[in-house]
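# Inside the fold
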Amino acid sequence: MQTAASDICKSVLRELQCPACKQYMVPPIALCLGGHNICSNCRPTVSSCPTCKQEFLQTGNISLENLSLQIKFPCRYSNYGCQDTFPYNGFREHEAICGYSPQTCPVDYMWLKMVCTWTGISKDVKEHLHTAHKELCEDYNAQHLLLLPRSNDSLYTYKFLFAFNEIFCFRLIIQCGVMYFVLHYIGAAKNDLKYQYKIMVSDNEDTESVVVTHLARSFTGIEDQSFFPKNCLKLHCDHLERFKNKKGKLPVLLKILRFDD
Ligand SMILES: [Zn+2]
Ligand SMILES: [Zn+2]
Ligand SMILES: [Zn+2]
Ligand SMILES: [Zn+2]
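Residues numbered from 1 in each chain as written. Chains lettered and ligands numbered in written order. Predicted model: local features only at pLDDT ≥ 70, side-chain atom pairs only at ≥ 80, totals over all residues. Heavy atoms only, no water.

Moving on: the coordination of the zinc ion (ligand 2). Donor atoms from the polypeptide that coordinate the zinc ion (ligand 2) comprise Cys 32 (SG), His 36 (ND1), Cys 49 (SG) and Cys 52 (SG), at 2.1 to 2.3 Å from the metal. Sequence spacing among the residues donating to the zinc ion (ligand 2) works out to C-x3-H-x12-C-x2-C. Placement of Cys 32 in strand β1 (residues 30-32) and of Cys 52 in the loop between β2 (37-38) and β3 (56-60) is noted, with a sequence separation of 20 residues between them. In this structure Cys 32 comes out as buried when scored by relative accessible area, which is 2%. (Donors = N, O, S within 2.8 Å, 3.2 Å for Na, K, Ca; no water. Helix = DSSP H or I, 4+ residues; strand = E, 2+ residues; numbered from the N terminus. Buried < 20%, exposed > 50% of the residue type's maximum accessible area, 1.4 Å probe, protein only.)

Set out below in structure tokens:
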């Protein structure tokens with residue numbers, strides 16, 4: 001009986017697959033004169049039915065829409081191990097944060113010559129970074145002290161930081177007397193606005209300081225070369241000269257903050 005029920009579910013799910021994009025269709029589901037369906041994402045992109053070239057009707061496929069309201073949808077990453085199922089209005093939201101979504105190694109995106117060919121699922125990224133790129137990883141303890149080098153020569157450095165059970169990448173670039181900071185949030189793009197970071201530079205007596213706060217930036221923007229420097233936090237090396245310690249190094253405090261939900 002169990003098998004029969006799950007067979008029915010599988011057939012319904014097959015019917016609910018959009019013929020154009022292969023994603024599951026949820027209301028509204030468009031219907032053509034020839035009886036074919038298409039999802040609401042694909043509908044605006046076509047003028048007639050891609051299967052039979054006939055027009056779409058004004059009304060949707062009500063019986064299929066009703067079925068889609070009854071059934072539980074598997075996550076699109078079920079092939080990678082996700083066992084979760086969701087009602088029609090929940091699975092897209094889940095997929096955006098699913099720990100089984102396929103990922104490549106974040107090191108590969110950091111404009112470096114270093115190439116890592118690792119691919120896996122998002123929930124394994126942290127472990128991969130720890131095992132394969134240990135020297136680039138640091139545990140973040142409420143605040144993070146960076147000791148910058150004595151000279152203001154060009155510099156490009158980055159570290160992966162683990163805070164709030166999330167992965168961040170902190171990058172620092174010094175170029176032509178300007179320091180550029182950026183904190184990337186490595187995770188589902190929809191969560192990136194939850195985090196901000198604060199850069200604090202102060203003198204030994206804490207009488208003078210520079211404090212700047214910025215939003216963490218989603219990892220996905222990195223591929224865009226125009227990302228740098230417009231989304232970075234900028235400080236002029238000249239202005240920071242007086243904050244250097246006796247050894248000529250500049251102590252910079254980095255604090256990662258999370259907005260409450
Ligand atoms: Zn579609
Ligand atoms: Zn058709
Ligand atoms: Zn999932
Ligand atoms: Zn890697």
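Picking up after the structure, the text goes on.
What follows is about the domain arrangement of the protein chain. For the protein chain, the assigned domains are domain 1 (2-71), domain 2 (74-101) and domain 3 (105-258). Listed as interface residues are nine residues of domain 1 and, on the opposing side, seven residues of domain 2. Regarding the contact of domain 1 and domain 2, the summed buried area is about 700 Å², with carbon and sulfur atoms giving 57% of it. On the domain 1 side of the contact with domain 2, Gln 23, Tyr 24 and Val 26 bury the most area, a combined 58% of that side's loss. On inspection of domain 1 and its partner domain 2, the count reaches zero salt bridges. Scanning the region where domain 1 abuts domain 2 turns up one residue pair in polar contact (both at pLDDT 80 or more). Across the side of domain 1 that touches domain 2, the residue classes break down as six nonpolar, three polar and no charged. (Domains from an automatic or database assignment. Contact = heavy atoms within 4.5 Å. Buried area = accessible area lost by both parts, 1.4 Å probe. Salt bridge = Lys/Arg side-chain N within 4 Å of Asp/Glu carboxyl O. Polar contact = N/O pair within 3.5 Å; in protein donor to acceptor, adjacent residues only side chain to side chain. Nonpolar A, V, L, I, M, F, W, Y, C, P; charged D, E, K, R; others polar.)

If you check which residues of helix α2 (residues 62-70) are buried, you get Leu 64, Glu 65 and Ser 68. Along the axis of α2, the buried residues cluster in a sector spanning 105 degrees; they form a single face. The exposed residues of α2 that point more than 90 degrees off its buried face are Ile 62, Ser 63 and Gln 70. (Arc of directions from axis to C-beta.)

Let's shift gears to unusual backbone geometry. Following Pro 27, the chain continues into Pro 28 via a peptide bond in cis, with omega recorded as 0 degrees. Along the polypeptide, Pro 28 turns up in the loop between α1 (2-15) and β1. Of note in the backbone geometry, Lys 53 takes a positive phi value of approximately 70 degrees without being a glycine. The phi dihedral of Phe 164 falls on the positive side, at around 50 degrees, and the residue is not glycine. Assessed through its relative accessible area of 40%, Phe 164 is described here as partly exposed.

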